[in-house]
Amino acid sequence: MNFKHIIFAFASTAVAGLPLASCSDDFLDREPTNYITPDQMEQAMVWNSNIMFGQQQGTITKMVRWRSGGTDDQDDFGQKSTDICTDLMSGDMVMPGNDYGWFRDTWRLTTYSRTNRRSGILWKYNYGVINTCNSMLDALGHDRIMPEDNPTQQLYYAAAKTIRAYSYFNLVTLFGRNYTDQVEVNGAMIPSKDQKLLPIYHTQSGLLAPAAPQTVDSVYKFIFRELEGAIEAYEAAAENGAAPSDLSMPGLDVAYTIQAYAHLQRGDETKNDYALAQEAALNAIYSTDASMLTGNQIYFGMNTVNNPSWIWGVDITKDNTGGLCTWWGMMDVFTYSYAAAGDVKIINQELYDQMPESDARKKWFTEPGSYSGQLAFLSYTPMNKFYSASGASLGQLMADRQWVEDIVFMRIEEAWLLAAEASIRNNDLETGREALYGLLSERDPQTADEIETMTKDELLDCLYYNWRVEMWGEGRGLLTQKRFKRGNKRGTNDGAFPGRTFNYDDMRLYFSIPQSEYENNPELHK
């Protein structure tokens, strides 16, 4: 669907002056201050075998919940607010202006301070998710011992370990420098892998007592151990015919994809990371029922769990929507949103200009100059990649006021990109070319035909571009920039830093452990 020529019905009120509702309790309840204890859950499981299902759903709800980072701010809504933050910081996503203030800190790169609110939001959100996972694992017996002879419990065990690994992966990449780089600690430069960075909590009760920070190397080892345990449990459950019933529970393909990400992001050739990432990514592809989007499917809006490429996502309903305080409430012009009111988040003009006309994904974004007057702000918006189906069908700004479009965490195209990148870095150019061709043949056949003659460096350049375009708006921009160790130039359509280039190791592209953690965890001072 192409909305370039749609005539929008527009309220008489000027765009910048549109009043926006708050994320009130009408949209969702406040999170309870206490989770069910492991002992309570273990007792409940005796008479209600579905109790773990409720706990697992609670974990996923926290990943999309308003206030999941401990504030009342409308840009605090879990994983998808994190995704917006990191894409803005990479510069692949920009804002021409910011009238309402949400995401201004990440847009203007002011998040590196300990006292910046965003550091606290990300810290509390991820450790909150970890706490819910720990509660599930406690109830299942032990975080290192897989339940025996119960495939349903094996699934919940696997899901909890997968999500916990993902949260620690978020933390180590947001707060830590690249594994193979150097970092300054107490005035001296040390290998980043040796920096003491994050506390690791194995049980729910462990969070009650502050833990000493572990090194970046130890955090990565923990992530890999988690994922190995999850994969073992998924396979054991599958042998007994058990599998996730819907996309809200991550499955084996998700565990393999996170494993591939972690090996690639660590990027230590002495630990065989590229070969291990290649193996994990290919396993993700082999183990999934999902398929890459083909042809016009790429224009279907990325708005439903029925999307054939999604491997992890959430079915949003009137009962679990966060209302305005959601990804859709910030990004989609067809939804009652800040984007429709003028605070659009758009593709960097520098990146847009790199896209050849042969690339079908260029039509995801509106052409510059397509709109004028009150609608001039719609240039470069992703209205053909992400849109509310009900709102777009009416062709009106803010037409959807239900906020029930679904949320994606991960899709299978990521595994194909991971397989291509890991293979090429592992000097298996043949497999890398095949994986990259598999994606590009459905996006840009002209460039796909050129892959066979590309050198290793040219293939990596091609991959960097395709990561930035394919996954635009899905929270992979900053990860990609750091992994490829590149500098990204902001376009002239960025209202914060037009024409400026920020290298991947700029301190403004990292978060600092929040001041509140230093005040409440004396172990950080040792």
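Relevant structure appears above.
Read on for an overview of the structure. Since the model is a prediction, treat every value here as computed from it, not as a measurement.

Procedures and definitions
- Residues numbered from 1 in each chain as written.
- Predicted model: local features only at pLDDT ≥ 70, side-chain atom pairs only at ≥ 80, totals over all residues.
- Heavy atoms only, no water.
- Helix = DSSP H or I, 4+ residues; strand = E, 2+ residues; numbered from the N terminus.
- Rg over C-alpha atoms; globule rule 2.2 N^0.38 Å.
- Buried < 20%, exposed > 50% of the residue type's maximum accessible area, 1.4 Å probe, protein only.
- Contact = heavy atoms within 4.5 Å.
- Areas by Shrake-Rupley, 256 points an atom, 1.4 Å probe, with all protein chains shown as cover.
- Axes fitted to C-alpha atoms, helices over the stretch in contact; angles between N-to-C directions.
- Parallel < 35°, antiparallel > 145°, perpendicular 65-115°, else oblique.
- Left-handed = near helix turned anticlockwise from the far one by under 90°.
- 1 Å grid on protein atoms, 1.4 Å probe; cavity = no way out; pocket = protein on both sides within 12 Å on 5 of 7 lines; lining within 4 Å.
- Points joined across faces, edges and corners; volume = space filled by probe spheres on them.
- Nonpolar A, V, L, I, M, F, W, Y, C, P; charged D, E, K, R; others polar.
- Core = buried A, V, L, I, M, F, W, Y, C linked by side-chain atoms within 4.5 Å.
- Pairing = 2+ DSSP bridges.
- Polar contact = N/O pair within 3.5 Å; in protein donor to acceptor, adjacent residues only side chain to side chain.
- Salt bridge = Lys/Arg side-chain N within 4 Å of Asp/Glu carboxyl O.
- Expected span 1.5 Å × (residues − 1).
- Phe/Tyr/Trp six-rings, centres within 6.5 Å; stacked < 30°, edge-to-face > 60°.
- Lys NZ or Arg CZ within 6 Å of the ring centre and 35° of its normal.

## Examining the overall build of the chain
Summing up its helical and strand segments, the chain has 18 helices and ten strands in all. Taking 24 Å as the expected radius of gyration for a compact globule of 526 residues, we find that the chain reaches 22 Å, a close match to that expectation. Along the first, second and third principal axes, the C-alpha atoms of the chain reach 60 × 55 × 55 Å. Burial statistics for the chain: of 526 residues in total, 60% are counted as buried. Taking contacts inside the chain between residues at least 6 apart in sequence as the whole, the part at least 24 apart equals 71%. When the accessible area of the chain is evaluated, it comes to approximately 20100 Å², of which 47% is carbon and sulfur surface.

## What about the packing of helix α5 (residues 117-139) against helix α6 (residues 151-175)?
When two helices pack together, you describe them by how their axes are tilted relative to each other and by the distance separating the axes. In the contact formed by α5 and α6, the axes pass within 9 Å of each other and the chain directions differ by 160 degrees. Judged on the interaxial angle alone, α6 and α5 are roughly antiparallel. Relative to α6, α5 is oriented so that their crossing is left-handed. Contact with α5, carried on its side by Ser-119, Leu-122, Trp-123, Asn-126, Tyr-127, Val-129, Ile-130, Cys-133, Asn-134, Met-136 and Leu-137, involves Tyr-156, Tyr-157, Ala-160, Lys-161, Ile-163, Arg-164, Ser-167, Tyr-168, Asn-170, Leu-171, Leu-174 and Phe-175 of α6 and no other residues of that element.

## Observations regarding empty space enclosed by the protein
For the structure shown, the criterion picks out six cavities of 30 Å³ or more. In this structure, the largest cavity occupies an estimated 130 Å³ of space. For the largest cavity, the lining is made up of 13 residues, of which Thr-86, Asn-170, Leu-174, Gly-475 and Leu-479 are closest to its centre. Per-class residue counts for the lining of the largest cavity are four nonpolar, six polar and three charged. The volume enclosed by the second largest cavity comes to roughly 100 Å³. For the second largest cavity, the lining is made up of 13 residues, of which Val-64, Ile-316, Thr-326, Trp-327 and Ile-407 are closest to its centre. Of the residues assigned to the lining of the second largest cavity, the class counts are seven nonpolar, four polar and two charged.

## A short note on the nonpolar core
If you look at soluble globular proteins, the nonpolar side chains tend to sit buried side by side. In this structure, Met-63, Ile-84, Tyr-168, Phe-175, Ile-223, Trp-312 and Val-333 are the most contacted members of the largest nonpolar core, which totals 165 residues. It is α6 that contributes the most residues to this core, 15 residues altogether. Contact partners of Val-333, with chain neighbours within four places excluded, come to Ala-339, Ala-340, Val-344, Leu-378, Met-383, Gln-396, Leu-397 and Met-398.

## Section: the pairing of strand β3 (residues 188-191)
As paired elements, strand β2 (residues 182-185) and β3 share four bridges and run antiparallel to each other. Across the sheet, Glu-184 pairs through a bridge with Met-189, a residue of β3. The hairpin turn running from β2 into β3, its antiparallel successor, is two residues long, and Asn-186 in that turn takes a positive phi close to 55 degrees.

## Comments concerning the side chain of Asn-98
Relative to the elements of secondary structure, Asn-98 occurs in the loop between β1 (93-94) and α4 (104-107). A polar contact is formed between the side chain of Asn-98 and the backbone oxygen of Trp-102, at a distance of 3.0 Å. When residues no more than four places from it in sequence are discounted, the contact partners of Asn-98 are Phe-103, Arg-104, Trp-107 and Asp-343.

## Here we look at the environment of Lys-196
Note on placement: Lys-196 falls in strand β4 (residues 196-199). Along the backbone, Lys-196 and Pro-213 are 17 residues apart, and their C-alpha atoms lie at a distance of 5.4 Å. For Lys-196, the residues in contact, after removing those within four places along its chain, are Pro-213, Gln-214 and Thr-215.

## Brief notes about the pattern of salt bridges
A full pass over the atoms with the stated rule returns 33 salt bridges. With a shortest N-O distance of 2.6 Å, Arg-164 and Glu-226 are connected by a salt bridge. Of this pair, Arg-164 sits in helix α6 while Glu-226 is found in helix α7 (residues 216-239), placing the two residues 62 residues apart along the sequence. Since its relative accessible area comes to 0%, Arg-164 is described here as buried.

## Quick notes on helix α13 (residues 412-425)
For α13, with 14 residues, the first-to-last C-alpha span of 20 Å sits near the 20 Å given by 1.5 Å per residue. α13 sits mainly inside the fold: 13 of its 14 residues count as buried.

## What about the layout of surface pockets?
In this structure, the second largest pocket occupies an estimated 870 Å³ of space. Along its surface, the second largest pocket is lined by 30 residues, and Arg-114, Glu-184, Val-185, Gln-195 and Tyr-518 are the ones closest to its centre. Elements represented by at least two residues in the lining of the second largest pocket include exactly β2, β3 and β4. The biggest single contributor to the lining of the second largest pocket is β2, with four residues.

## A word on the side chain of Thr-86
With respect to the helices and strands, the residue Thr-86 is situated in helix α3 (residues 79-90). A relative accessible area of 8% means that Thr-86 is categorised as buried. In this structure the side chain of Thr-86 is engaged in a polar contact, spanning 3.2 Å, whose partner is the backbone oxygen of Asp-83. Ignoring sequence-local partners within four residues, the contact set of Thr-86 consists of Leu-174, Gly-475 and Leu-478.

## Some thoughts on the packing of aromatic side chains
For the structure on display, the rule yields 22 aromatic pairs. With centroids separated by 5.0 Å and ring planes inclined at 45 degrees, the aromatic side chains of Tyr-464 and Phe-484 adopt a geometry described as tilted. Placement of Tyr-464 in helix α16 (residues 456-470) and of Phe-484 in helix α17 (residues 477-484) is noted, with a sequence separation of 20 residues between them. Ring pairs connect the aromatic residues Trp-123, Tyr-127, Tyr-168, Phe-175, Tyr-201, Phe-222 and Phe-511, which therefore count as one cluster. In this arrangement the basic side chain of Lys-385 is found over the ring face of Trp-364, its NZ or CZ atom lying 4.5 Å from the centre.

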